Structure formats: C-alpha cells, structure tokens
Amino acid sequence: MSVITVTPIATETLTFTKLGSRIGAEIRGLDLSGPLSEARVAAIRSALNAHKALVFREANIGTDEDQVRFASHFGPLTAAHPTVASVDGAANVLPVDSENGSANTWHTDVTFVHNPPQASTLRSITLPPYGGETLIASTAAAYQDLPEELRAFADTLWAVHTNDYDYSVPKNLEHTNAAERRAEFTRQIFESVHPVVRVHPLTGERGLFIGGFAQRLRIVGLSNTESKDIIRLLQAYVTRPENIVRVDWEPNQVVLFDNRITQHYAPDNYDGSPRTLNRVTIAGEVPVNITGQPSQSVQGDSTSYSVIAPVN
C-alpha cells in the first residue's frame, strides 16, 4: 500500500496509509479522545481533502461525548437528524442501528435539506461477527470518469432531493417496526433542489451530487422516466469498483468522510446480527454549481436541524 504524509505546517505531521488509489486512507493509534491542536486538525482536514474518507483505528473514542468533541473540531454540529430521534441525552448523536433497518442504498447524508452536512463521523458500537462493512464512493472520481460530452451535460442539471423515500427500510428487508420507522423518517417532508454537479468549496473539485434522495431531475422537456434513466446512468459511474473503498469495522474505530463529495452504502450481509454505529454530522454550507449558483429549498424548514456553516 502507498503511504501519504500530510504536513500542513512544519510542526505537525500525520502519516496515512492509502486504502485505494482514488479514495480512502487509514491511520492507527492516533488518540482522538481529547482536544486536538489546530495543527492536528489542519492535518486531518488536509488528509480528508485528499482522500475523501479517513479510517481511524484504535482511536480511543469510547463515548458519545468523545465523538461529539472530535467532530466539533471541524465546524458546528447538526442535530442528530431532521426527523429521526437522537440517542437519549445526546442531541447531536444519531444511532445507526440494524434493528431499524439497513441503509443498503447508495446515498449522501441528509441531502434533502438546503445545506446538507459537510462531513459525517461514524463510531463503532456493536459489530456483527462478519460482514457489516461500510462502502464509500468518490463522486469526484465518478465525475472525472464521465466522457467529456456527458460531463458537460451533467454540469447543467439540477436534481430534486426529498426524504419522502424509504431508503432506510427497503421493502424487501422490512423489520417488524418498518411502518413506524417510515412514519418517523417522513413525519416532516423536506425537498431541496441541488446541482447534479457540485463544486467542493475547499478543493474546487467537481463531484456528482446525486444518490438515494435524488428523486427526479429538473430538465425541461424530459419525462420522469427519462430523468430516472439519466440518474441511473450517472450513478453507475459513482459505484464503479475502482471508485469505492470498503471499510471493515473493528472495535474502537471512527470513520470521517466528506459528505460533499462521497456517497456511502451499508450492505446487509451479517444475517441479522446486531450492528450499531453512532453518527455525528458537521454542518455545511449551501451547495453551488459550476457557475456559483446555489441550491434552493422547496419545502421544509431545516434551521432547527442545522445552521448554514461557513466554509470549513
């Protein structure tokens, strides 16, 4: 495996091992439990910009408070979720629990609001004896893979994202509480229009900003069927194997991924064994397209979920 050394300032160096040529890197034994220096935060941010998804093994984060403290280094936090309940006593922490279904659809977190999270953290709580990985895909690599003509076309498109979609409980994998879970997830409907090609505010990279919450494209003169075909075509580039890192989970592990320029997927491949991760997300800015035109909110007030954060 290749090794990337990130040195944003002379006094701080972190060494990450690449997990793939296009996405993913890991580091072992970096203690994230306490306050981090400005230099260390800058080093992690630099690595995140380069690799899109970072795996911290033996991270020494054992509590929700530790996870909240770590995530807070990168900006203001969102609430746990716009509609789903948080962990008791931890307003910023969302339980990602197999008892409530599996998120086995490619998606980017909470894109149905006006300003989706800029990054997400996941912490291992309860792990199955096998399976239970998290797949993370680079939408920047997907965009670069597009033929030039298709890239130019995608640059012009806008997609409607909504939470009125049962990604968290696919109908073929329904649990006994599926109806209640679906009702909670959609108890308030959100809808936002985002560019299909989003420009990353820190790196300037272009990425395909679609995924499971993108229900239809705003393309004048095209039917819903034609629009869905376009989404399927673009999404096929996101999920090419070379654009994906498969993250294996182990105890005492944290994953940080850039929500602006990735999608993720949790395969249901652990035969009903318990699997619980806790998620904390970092507030983001309003997405913009290649000409700087911002996303628009159509339905639902998400201000109680997330502030519009400065670029960070």
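Residues numbered from 1 in each chain as written. Predicted model: local features only at pLDDT ≥ 70, side-chain atom pairs only at ≥ 80, totals over all residues. Heavy atoms only, no water.

- Going by the annotation in an unreviewed UniProt entry, the name recorded for the protein is Taurine dioxygenase, with Arthrobacter psychrolactophilus given as the source organism.
- According to the UniProt record, the Sequence similarities (unreviewed entry) comment for the protein reads "Belongs to the TfdA dioxygenase family."
- Per UniProt, the protein carries the Cofactor (unreviewed entry) text "Fe(2+)". (UniProt positions renumbered as here; feature names shortened; annotations may be inferred.)

## Focus on the confidence of the model for the protein
Phase 1 of the analysis: Taken residue by residue, the protein gives an average pLDDT of 90. The fraction at 70 or more is 89%.
Phase 2 of the analysis: Confidence drops under a pLDDT of 50 for residues 6-11, and excluding neighbours within four residues, the segment shows 13 contacts in the predicted structure. (pLDDT = per-residue confidence, 0-100. Contact = heavy atoms within 4.5 Å.)

## Regarding helix α1 (residues 38-51)
Phase 1 of the analysis: For α1, which comprises 14 residues, the first-to-last C-alpha distance of 20 Å matches the rise-based estimate of 20 Å (1.5 Å per residue) to within 8%.
Phase 2 of the analysis: Within α1, burial applies to A39, V41, A43, I44, R45, A47, L48, N49 and H51.
Phase 3 of the analysis: A positive phi of about 75° marks K52, the residue just after α1. (Helix = DSSP H or I, 4+ residues; strand = E, 2+ residues; numbered from the N terminus. Expected span 1.5 Å × (residues − 1). Buried < 20%, exposed > 50% of the residue type's maximum accessible area, 1.4 Å probe, protein only.)

## Focus on the pairing of strand β16 (residues 276-282)
Phase 1 of the analysis: Of all 7 residues in β16, 7 are buried; the element is thus mostly enclosed.
Phase 2 of the analysis: The two faces of β16 match: T276, N278, V280 and I282 on one face and L277, R279 and T281 on the other face are all buried.
Phase 3 of the analysis: Where strand β6 (residues 119-126) and β16 come together, 7 bridges link them in antiparallel fashion. The residue of β16 that forms the bridge with R123 is N278. (Pairing = 2+ DSSP bridges.)

## What to know about the pattern of salt bridges
Pairing of side chains with opposite charge becomes possible as their charged atoms draw close.
Phase 1 of the analysis: Inspection of every chain in the model, using the stated rule, returns 15 salt bridges.
Phase 2 of the analysis: Where E250 meets R57, a salt bridge forms, and the shortest distance between an N and an O atom there is 3.4 Å. Note that E250 is positioned in the loop between β13 (244-247) and β14 (253-258) and R57 in strand β4 (residues 53-57), a separation of 193 residues in sequence.
Phase 3 of the analysis: Where D64 meets R123, a salt bridge forms, and the shortest distance between an N and an O atom there is 2.6 Å. (Salt bridge = Lys/Arg side-chain N within 4 Å of Asp/Glu carboxyl O.)

## Quick look at the sheet that holds β13
Phase 1 of the analysis: In spatial order, the strands read β13-β7-β15; together these 3 strands make up an open sheet with antiparallel pairing. Looking at which strands have only one partner, the edges of the open sheet turn out to be β13 and β15 (262-265). Each adjacent strand pair in this sheet contributes to an overall mean axis angle of 20°, direction not counted.
Phase 2 of the analysis: Relative to β15, strand β7 (residues 134-138) runs antiparallel, the two being bridged by 4 bridges. (Axes fitted to C-alpha atoms, helices over the stretch in contact; angles between N-to-C directions.)

## Details of the side chain of T162
Phase 1 of the analysis: Examined against the element boundaries, T162 turns out to sit in strand β8 (residues 158-162).
Phase 2 of the analysis: In terms of polar contacts, T162 uses its side chain to reach the backbone amide nitrogen of D164, at 3.1 Å.
Phase 3 of the analysis: When near neighbours in sequence (up to four residues on either side) are disregarded, T162 contacts F112, I189, F190, E191, F213 and Q215. (Polar contact = N/O pair within 3.5 Å; in protein donor to acceptor, adjacent residues only side chain to side chain.)

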